[in-house]
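Here is what each chain is made of, one letter per residue.
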Amino acid sequence: MKGTAILEESGNPAPAVAAWDFDALLEAEQAVLLRLARRLVWDGEEARDLVQAALADAYEKRHSLKDAKAGPAWLRRILVSRAMGHLRRRRVWNVLREALDWGTPLALSPEEQFVGAEKWRALGQAVRALPAKQSTAFTLRYLEGLELDSIAEAMGIGRGTVRIHLYRALKKLKAEQALEGDTP
């Protein structure tokens, strides 16, 4: 990708993002995309595959990116779209294999650590059982910390629809007792 001229079908240089801007965007966002993919599919290998596929899609669609500032959200939307398709096809997620990036305090006893791990496992199973759009909205909001507008943009749906998916996801997770106490 580096050093290549981006050409449209007509052979003229593309008016969109320059080749070096695209490469810089990919380098800057790759780690963020991998973390997001891991939280969407809960499997490290599948996450890497999804990121590679999303980056390949982005490279093919790079002409449509008109504003470099919109690049991170554009890449996130491509990844979320690809992940949702993957989850729809698979319908059952793999067992939660890796702990989330949030570490546990060092002062916890082994029993407390076990209880915490069991809660994460139960949450992972409950989230995997949700429909794809609900699990994606839940993951983007509560595990990635995105705002509603960013989630709507990433999923390609309206803000109100995001709220509905979040409401339904939280209702199901509370009913299955995967979430306790004061939840968002």
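Read on for a plain summary of the structure. (Residues numbered from 1 in each chain as written. Predicted model: local features only at pLDDT ≥ 70, side-chain atom pairs only at ≥ 80, totals over all residues. Heavy atoms only, no water.)

### Focus: the overall build of the protein
We apply this condition: Only DSSP runs of H or I covering at least 4 residues are called helices, and only runs of E covering at least 2 are called strands; the numbering of each starts at the N terminus. The Shrake-Rupley method, run with a 1.4 Å probe, gives the accessible areas here. Residue values count only the displayed protein chains as cover.
From N to C terminus, the protein includes 7 helices and 0 strands. From first element to last, N terminus to C terminus, the protein shows the α and β order α-α-α-α-α-α-α. In the structure as shown, the protein presents an accessible area of about 10,600 Å², 53% of it carried by carbon and sulfur atoms.

### Looking at the packing of helix α5 (residues 132-143) against helix α7 (residues 159-175)
To be explicit about the condition: Helix axes are fitted only over the stretch in contact, all axes being lines through C-alpha atoms; the angle between N-to-C directions runs from 0 to 180 degrees. Comment on the angle field: the value is read as roughly parallel under 35 degrees, roughly antiparallel over 145, roughly perpendicular from 65 to 115, and oblique elsewhere. For this analysis, residues touch if any pair of their heavy atoms sits within 4.5 Å. In this classification, the charged set is Asp, Glu, Lys and Arg, the nonpolar set is Ala, Val, Leu, Ile, Met, Phe, Trp, Tyr, Cys and Pro, and all remaining amino acids, among them Gly, are polar.
For the pair α5 and α7, the least separation of the axes is 8 Å and the interaxial angle reads 95 degrees. With respect to their mutual orientation, α5 and α7 come out roughly perpendicular. Residues Lys133, Gln134, Ala137, Phe138, Arg141 and Tyr142 of α5 touch α7, and the partners they reach there are His165, Leu166, Arg168, Ala169, Leu170, Lys172 and Leu173. The residue makeup of the contact of α5 with α7, split by class, is 7 nonpolar, 2 polar and 4 charged.

### Overview of helix α2 (residues 44-60)
Just so we agree on the cut-off: Under the convention used throughout, the expected extent of a helix is 1.5 Å for every residue step, that is, one less than its residue count. Each residue is placed in one exposure class: buried if its accessible area under a 1.4 Å probe, protein chains only, is under 20% of its type's maximum, exposed if it is over 50%, and partly exposed if it falls in between.
Here α2 is 17 residues long and its end C-alpha atoms lie 25 Å apart, about the 24 Å a rise of 1.5 Å per residue gives. Taken together, the buried positions of α2 are occupied by Gly44, Glu46, Ala47, Leu50, Val51, Ala54, Leu55, Asp57 and Ala58.

### With respect to the pattern of salt bridges
Two side chains of opposite charge can pair, provided their charged atoms sit close to one another. Short version of the rule: Think of a salt bridge as a Lys or Arg side-chain nitrogen and an Asp or Glu carboxyl oxygen that are within 4 Å of each other.
Under the defined criterion, the tally for this structure stands at 3 salt bridges. Put simply, Glu45 and Arg48 hold a salt bridge, and the shortest N to O gap is 2.6 Å. Here Glu45 and its partner Arg48 are both found in helix α2, 3 residues apart, which amounts to about one turn of the helix. Arg48 gets classed as partly exposed once you look at its relative accessible area, which sits at 34%.

### Quick word on the packing of α5 against helix α6 (residues 148-155)
In a pair of packed helices, the angle between the axes and the distance between the axes together describe the arrangement. Which entries qualify depends on this criterion: For any pair of crossing helices, the crossing counts as left-handed if the nearer helix is rotated counterclockwise from the farther one by less than a right angle, and right-handed if it is rotated clockwise.
Orientation of α5 relative to α6, taken along the N-to-C sense of each, is 140 degrees, at an axis distance of 10 Å. In terms of orientation, α5 and α6 fall into the oblique class. For the crossing formed where α5 meets α6, the hand is right-handed. Of the residues in α6, those in contact with Lys133, Thr136, Ala137, Leu140 and Arg141 of α5 are Leu148, Ile151, Ala154 and Met155. Looking at the contact of α5 with α6 residue by residue, the classes come out as 6 nonpolar, 1 polar and 2 charged.

### A word on α6
What counts here: What the arc describes is the spread of directions from the helix axis to the C-beta atoms.
All of the buried residues along α6 are Leu148, Ile151, Ala152, Ala154 and Met155. Down the axis of α6, the sector holding all buried residues measures 165 degrees, keeping them to one side. Backbone geometry just downstream of α6 places Gly156 in the positive-phi region, at approximately 70 degrees.

### Focus on the nonpolar core
Spelled out, the test is: In these notes, a set of buried Ala, Val, Leu, Ile, Met, Phe, Trp, Tyr and Cys residues joined through side-chain atoms within 4.5 Å is what counts as a nonpolar core.
If you look at the biggest cluster of nonpolar residues, it comprises 35 residues, and the most contacted ones within it are Trp74, Leu75, Leu79, Val80, Leu140, Met155 and Val162. Taken together, the elements giving at least two residues each to this core come down to α1 (19-41), α2, α3 (71-90), α5, α6 and α7. Within the second largest apolar cluster, 10 residues are counted, among which are Ala126, Leu130, Phe138 and Leu173.

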